[in-house]
Amino acid sequence: MDQPATPRDPTALPVRVPLASRPLGVMETLGTARRNLLELIPEIATRQPMVSGRTVKRWHMVMDPGANRRILKDALGTYPKSDVTKLILRPAIGESLFVAEGAHWLWQRRAAAPAFSPRHVEALAPVMTAAAERAARRIGQTAGRQANLFDEMVTATFEVIADVTLSGTPAFDRAEVHRAINAYIDTTAKVSLLDIIGAPTWVPRLSRLRAGPVLRTMRSMADRAIAERRGTGPSLPPDLLDLLLEGADPETGRRMSTAELRDNLLTFIVAGHETTALTLAWALYLCAFDPSIQIRARAEASAVLGNRAAQVTDLPALSLCRRIIDETLRLYPPAAFLSRTARGPDRLCGREIRRGDTVMLPIYALHRNHLLWPDPDRFDPDRFLDPDRIDRFAYLPFGGGPRICIGASFALQEATIILATLLARFRFEPVAGRDPEPALILTLRPEGGVWLCATPA
Ligand code: HEM
């Protein structure tokens, strides 16, 4: 039985990034970018609809829902993904769904869409339930001791994405792919200084060159898996690889080649597991930060689940657990910074945009903007009790418009299943002096990990 929550200082706020309180010069920008990209966001971005400046290139940060709608939806063709985004991701995932533009993006999106339909995502839920059960068992073994829950969540979400992309493939070595992806993110994905100031794309980046062998390993493993699956035929129920193999652009009938399949498969693995692990790790941090909400969520989860792991049919009864995930994605959006390069002249919030300008959507600042959210730094899952009151383009953890994350409902389903399973079984408490520090590398990571103490509930 839960004890009543120890009263917490009601004005205390969960961890935040110290945002810049004055404009930064070029050298300062470089130093800050090396340390933590989030600190480049000026404090006024949480109080204004738009902030513009120039470091080497002209840039704009947009926090206005109307302007966001224009960038992501109404004038999509004017705002392709930024040169920097493509530069970072192309070596790993080629011209796949995440990076492609125009017609090449559209046909791939159409071919992949059925794999992420509600029916198929629901059919993949048993994999998530099984991963939740294994995570609970592992955490049970650390009971009473401090543990880095971020590492645990990375393991759990990697098991899910590996099992739904490459399940039953003998060529697939889960541990090796995991090592390769982590090495790739560590060596390459740190947004390099040259990228921030807009150096030409041909300037070689040492870290990128070093990532070469890792990428070759990842690619050849995925190629072998695809070849084997073509030989053996689909598994039952079909996993993401089967569904992609079947997928065709409904307009033209075009199917993906092995290289295109491989790039998209790696995209799902890279885009899908760390982001969901971050969501879960930050959600557990927030529950430990606010014991009264944790107690309410545990009451909900244990009433529904008893001692079993959550299944997809439980989700309608786990609405607080789901709101905790929604609020976590507001406070710590894993993709905290979306970036576009203007292809032509335009106006946003009445301001001139020139061809070549960098247009950024600092989702972290959008989600904490005082014009859009009451008391924005406070953890309050009940903001999402009536989602219709939230402007669609004020809350963008998955982006928006036609290029919205294709895996959003997959991720939300997985995160809610795992969170509810863990909250029903364990009480999570913070470890004194070990608060995580939010740092934007490619995603918004808890620097130092999320150290908590889990005890059986
Ligand atoms: C909590 C977890 C996740 C978050 C926060 C997240 C976030 C995002 C965001 C913000 C975008 C849009 C990027 C932009 O417009 O520049 C995006 C796109 C994408 N995501 Fe996710 N994602 C998550 C999970 C997943 C999963 C599980 C998958 C696949 C299994 C996935 C696959 C993709 C793909 C393929 C795109 C590109 C879609 C397109 O351009 O058509 N993501 N994601």
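As the structure is a computational prediction, the values presented were derived from the model and not from experiment. (Residues numbered from 1 in each chain as written. Predicted model: local features only at pLDDT ≥ 70, side-chain atom pairs only at ≥ 80, totals over all residues.)

Asks: If you had to explain the overall build of the chain to someone new, which residues and values would you point to?
Replies: Along its length, the chain carries 17 helices and eleven strands. In the chain, which comprises 457 residues, the proportion classed as buried is 47%. For the chain, the proportion of contacts with a sequence separation of at least 24, taken over those separated by at least 6, is 76%. (Helix = DSSP H or I, 4+ residues; strand = E, 2+ residues; numbered from the N terminus. Buried ≥ 20, exposed ≤ 12 C-beta atoms within 10 Å, placed from the backbone. Contact = placed C-beta atoms within 7 Å.)

Asks: Go over the sheet that holds strand 3 (residues 146–148) with me, naming the residues and quoting the values.
Replies: The sheet built from three strands is open, its strands ordered 3-11-8 with antiparallel pairing. Of all strands in the sheet, those bounded by a partner on one side alone are strand 3 and strand 8 (426–430). The sheet shows a mean angle of 45 degrees between the axes of neighbouring strands, direction not considered. Bridge count between strand 8 and strand 11 (residues 451–456): five bridges; the pairing is antiparallel. Looking at the pairing, Pro-430 lines up with Leu-452 of strand 11. (Pairing = 2+ DSSP bridges. Axes fitted to C-alpha atoms, helices over the stretch in contact; angles between N-to-C directions.)

Asks: Account for the environment of Arg-340, with residues named and values stated.
Replies: Structurally, the position occupied by Arg-340 is in strand 4 (residues 338–341). Residue classification places Arg-340 among the buried residues on the basis of 22 C-beta atoms within 10 Å.

Asks: Report on the site of the ligand, specifying residues and quantitative values.
Replies: The ligand sits among 23 residues. The nearest are Gly-272, Thr-275, Gly-399, Cys-405 and Gly-407. The set of elements that each furnish at least two residues to the shell around the ligand consists of helix 13 (258–289) and helix 17 (408–425). Looking at which element gives the most residues to the shell around the ligand, the answer is helix 13, with seven residues. Looking at the shell around the ligand residue by residue, the classes come out as 13 nonpolar, seven polar and three charged. (Near = placed C-beta within 6 Å. Nonpolar A, V, L, I, M, F, W, Y, C, P; charged D, E, K, R; others polar.)

Asks: Quick one: what's the story with the packing of helix 6 (residues 125–141) against helix 17, residue by residue and with numbers?
Replies: Between helix 6 and helix 17, the least distance of the axes is 9 Å, while the angle of their chain directions is 35 degrees. Viewed along their axes, helix 6 and helix 17 form a crossing whose handedness is right-handed. Counted together, Ala-125, Met-128, Thr-129, Ala-131, Ala-132, Ala-135, Ala-136 and Ile-139 of helix 6 and Gln-413, Glu-414, Ile-417, Ile-418, Thr-421, Leu-422 and Arg-425 of helix 17 form the full contact between these two elements. A per-class count over the contact of helix 6 with helix 17 returns ten nonpolar, three polar and two charged. (Left-handed = near helix turned anticlockwise from the far one by under 90°.)

Asks: Summarise the sheet that holds strand 1 (residues 50–54); cite the residues concerned and give the values.
Replies: Here we have four strands laid out as an open sheet, ordered 1-2-7-4, and mixed in their pairing. Strand pairing shows two members of the sheet lacking a second neighbour, strand 1 and strand 4, which therefore form its edges. Looking at each pair of strands side by side, their axes are set apart by 20 degrees on average, direction ignored. By the bridge criterion, four bridges tie strand 4 to strand 7 (residues 358–361) in an arrangement that is antiparallel.

Asks: Please provide a residue-by-residue account of the nonpolar core, values included.
Replies: Ala-281, Leu-284, Cys-287, Cys-321, Ile-418 and Leu-419 are the most contacted members of the largest nonpolar core, which has 126 residues in total. Take this core: its biggest share by element is 19 residues, from helix 13. When sequence neighbours within four positions are dropped, the list of residues in contact with Cys-287 reads Ile-293, Gln-294, Ala-297, Ile-324, Leu-423 and Phe-428. (Core = buried A, V, L, I, M, F, W, Y, C linked by C-beta atoms within 7 Å.)

Asks: Can you lay out the confidence of the model for the chain for me, pointing to particular residues and giving the numbers?
Replies: Confidence along the chain averages 86 in pLDDT terms, with 85% of residues attaining 70 or more. Across residues 191–197 the pLDDT falls below 50, and counting only partners more than four positions away or on other chains, this stretch makes 20 contacts in the model. (pLDDT = per-residue confidence, 0-100.)

Asks: How would you summarise the environment of Ala-310 if you had to cite specific residues and measurements?
Replies: Structurally, the position occupied by Ala-310 is in the loop between helix 14 (291–305) and helix 15 (319–331). Judged by local crowding, Ala-310 falls into the buried class, with 28 C-beta atoms found within 10 Å. Sequence-wise, Ala-310 and Ala-125 are 185 residues apart; in three dimensions their C-alpha atoms are separated by 9.5 Å. Setting aside anything within four residues of it in sequence, one finds Ala-310 in contact with Thr-129, Ala-132, Leu-305, Leu-318, Ile-417, Ala-420 and Thr-421.

Asks: Residues and numbers for the environment of Arg-434, please.
Replies: By the element assignment, Arg-434 lies in the loop between strand 8 and strand 9 (437–440). Between the C-alpha atoms of Arg-434 and Leu-452, which are 18 residues apart in sequence, the distance is 8.5 Å. Excluding residues that lie within four positions of it along the chain, Arg-434 makes contacts with Gly-448 and Trp-451.

Asks: Quick rundown of helix 4 (residues 102–112)? Include the residues and the values.
Replies: Restricting attention to buried positions, one finds in helix 4 the residues Trp-107, Gln-108, Ala-111 and Ala-112. The arc that holds every buried residue of helix 4, seen down its axis, measures 130 degrees, which confines them to one face. Opposite the buried face of helix 4, by more than 90 degrees, sit the exposed residues Gly-102 and Ala-103. (Arc of directions from axis to C-beta.)

Asks: Can you tell me about unusual backbone geometry, naming the residues and giving the values?
Replies: Of note, Cys-349 is a non-glycine position whose phi angle comes to about 50 degrees, a positive value. When you line up the elements, Cys-349 lands in the loop between strand 5 (346–348) and strand 6 (351–353). Positive phi, close to 45 degrees, is recorded for Asp-375, a residue that is not glycine. You can see Asp-375 is positioned in the loop between helix 16 (363–366) and helix 17.

Asks: Now, about the pairing of strand 1: what can you tell me, with residues and values included?
Replies: The pairing of strand 1 with strand 2 (residues 58–62) spans five bridges and is antiparallel. Within strand 2, the residue paired with Gly-53 across the bridge is Trp-59. In this structure, the hairpin formed by strand 1 and strand 2 is closed by a connection of three residues.

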